[in-house]
Amino acid sequence: MQVVRTRAGLRAVLAGAPRPIGLVPTMGWLHAGHVSLVERARAESATVVMSIFVNPRQFGEARDFEQYPRNEARDLAMAEAAGVDVVFAPNVDEVYLPGFDTVVSVGAISLPLEGAARPGHFDGVATVVAILFALVGAERAYFGLKDYQQVAVIRRMALDLALPTRVVPCETVREPDGLALSSRNARLSAEGRARAAVLHRALRVGAERLSGGERSADTVRSAMRQVLGEEPSATVDYVSAANPDTLAELTEIDGRALLSLAVQIEGVRLIDNELVG
Ligand code: PAF
């Protein structure tokens, strides 16, 4: 596995690399969810590139950026064991060149849910992903569906800007109690970690209401809120039952729905979702 830190280094190692190239963009602190993205990329690509870059432009508060867990030595060992060929781990100045003054801003799909809770977040994501797509020139890029809205934003961007990299959404990987794997889980105490299983319990209750015949989106959202309310350490940011294509909140649920929520536990903001129907 080769580790490169500059645009020139990346260009050099990829010049003769066998194609297709599969890209797994990450912010490091790898876990089994990232490994599953690499496995999918490995199965479909001749060369697998992973980027490890904690992108300051997608964090609202400097504190959140600074607190983001980092351990490059551990990440590189995991990436190599998972079958990555090339890791691109640049400094901030190598991604955002001096005088950098461009923002990629996706429209309506980036506004509700995470977009409303974290203004500017998706501009930061879309901008860095556009740069990574341009630098790597991969045929495919792999993203986890725990960040459903992020996948939708990146797909919209790739389509609108005619970017040649195909966006491949991959299933969420979960702990045995249902907690979606996330780098943020590392910031929870053992007790907080156990309490965080409430997110998945709430989604399951919402999905069960729907499969039981419930059609009112308000009732489904209330049922999920009730489960979250039983966990006193959970502070709810939002609970949503939305159209999976537009992310607009639903009134009646007649077909597919995206149930999603954002909850803080011990000050750590966790998100999860379930696509139903
Ligand atoms: O999902 C992430 O880890 C990040 O948002 C991404 C896609 C690597 C962009 O920084």
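This report concerns the structure included in the present document. Starting afresh in each chain, residues are numbered from 1 along the sequence in its written order. Thresholds applied to this predicted model are a pLDDT of at least 70 for local features of residues and 80 or more for the giving and counting of side-chain atom pairs; totals over whole chains, interfaces and linings are not thresholded and use all residues. In computing side-chain properties, one takes all heavy atoms of the structure into account and sets aside hydrogens as well as water.

1. Focus: the sheet that holds strand 9 (residues 268-276)
When DSSP finds two or more bridges between a pair of strands, those strands are recorded as paired. Strands here mean DSSP runs of E at least two residues long; helices mean DSSP runs of H or I at least four residues long; both are numbered from the N terminus. The strand order across the open sheet built from 3 strands is 7-8-9, with neighbouring strands paired in antiparallel fashion. Each end of this open sheet is capped by a strand with a single partner; those strands are strand 7 (234-242) and strand 9. Between one strand axis and the next, the sheet turns through 10° on average, direction left out of account. Judged from the 8 bridges that link them, strand 7 and strand 8 (residues 257-265) form a sheet pairing that is antiparallel. Bridge pairing in strand 8 places Ala241 opposite Leu259. Contacts are residue-level and defined by heavy atoms, with any inter-residue pair within 4.5 Å sufficient. Here the axes come from fitting lines to C-alpha atoms, over the contacting stretch only for helices, and the angles between their N-to-C directions go from 0 to 180 degrees. Along the sheet, helix 10 (residues 198-211) makes contact with strand 8 and strand 9, crossing strand 9 at roughly 25°. The sheet strands contacting helix 11 (residues 217-229) are strand 7 and strand 8, and the helix crosses strand 7 at an angle near 160°.

2. Things to note about the side chain of Glu274
Position of Glu274 among the secondary structure elements: in strand 9. Burial here depends on accessible area, computed with a 1.4 Å probe over protein chains only, as a share of the maximum for the residue type. Under 20% is buried, over 50% is exposed, and the range in between is partly exposed. Overall, Glu274 belongs to the buried group, its relative accessible area being 15%. Here a polar contact is taken to be a pair of N or O atoms separated by no more than 3.5 Å, where protein atoms must pair a possible hydrogen donor with a possible acceptor and residues adjacent in sequence count only if both atoms sit in side chains. In terms of polar contacts, Glu274 uses its side chain to reach the side chain of Arg204, at 2.3 Å.

3. Here we look at the packing of helix 7 (residues 121-136) against helix 8 (residues 148-160)
One can describe the packing of helix 7 onto helix 8 by two numbers: an axis separation of 10 Å at closest approach and a directional angle of 55°. Judged on the interaxial angle alone, helix 8 and helix 7 are oblique. In the packing of helix 7 onto helix 8, the handedness of the crossing is right-handed. Contacts between helix 7 and helix 8 involve Phe122, Val125, Ala126, Val129, Ala130 and Phe133 from the first element and Gln149, Gln150, Val153, Ile154 and Met157 from the second. Residues are grouped as follows: nonpolar covers Ala, Val, Leu, Ile, Met, Phe, Trp, Tyr, Cys and Pro; charged covers Asp, Glu, Lys and Arg; every other residue, Gly included, is treated as polar. Residue composition of the contact of helix 7 with helix 8, grouped by class: 9 nonpolar, 2 polar and no charged. Any angle that falls under 35 degrees is termed roughly parallel, while one over 145 is termed roughly antiparallel, one within 65 to 115 roughly perpendicular, and all others oblique. What makes a crossing left-handed is the near helix being turned counterclockwise from the far one by less than a right angle; a clockwise turn instead makes it right-handed.

4. Digging into the pattern of salt bridges
For salt bridges, the criterion is a side-chain nitrogen of Lys or Arg within 4 Å of an Asp or Glu carboxyl oxygen. For the structure on display, the rule yields 21 salt bridges. Asp177 is paired through a salt bridge with Arg193; the nearest N and O atoms lie 3.0 Å apart. Here the residue Asp177 occupies a position in the loop between strand 6 (166-170) and helix 9 (190-195), and Arg193 occupies one in helix 9, the gap between them amounting to 16 residues. Under the relative-accessibility criterion, Arg193 is labelled partly exposed at 22%.

5. Let's talk about the packing of aromatic side chains
Only rings of Phe, Tyr and Trp enter the pairing, Trp through its six-membered ring, and a pair is recorded when the two centres are within 6.5 Å. The plane angle decides the type: under 30 degrees is stacked, over 60 is edge-to-face, the rest tilted. Overall, the coordinates contain 5 aromatic pairs when judged by the stated rule. With a centroid separation of 4.9 Å and an interplanar angle of 70°, the aromatic rings of Tyr96 and Phe100 are classed as edge-to-face. With relative accessibility at 25%, the residue Phe100 sits in the partly exposed group. Through pairs of rings, three or more aromatic residues link up here, namely Phe53, Tyr96 and Phe100. Remark: a charge is flagged as sitting over a ring if the NZ atom of Lys or the CZ atom of Arg is within 6 Å of the ring centre and within 35 degrees of the ring normal. Sitting over the face of the ring of Trp29, Arg74 holds its NZ or CZ atom 4.8 Å from the ring centroid.

Function-wise, these values are silent; they only describe arrangement.
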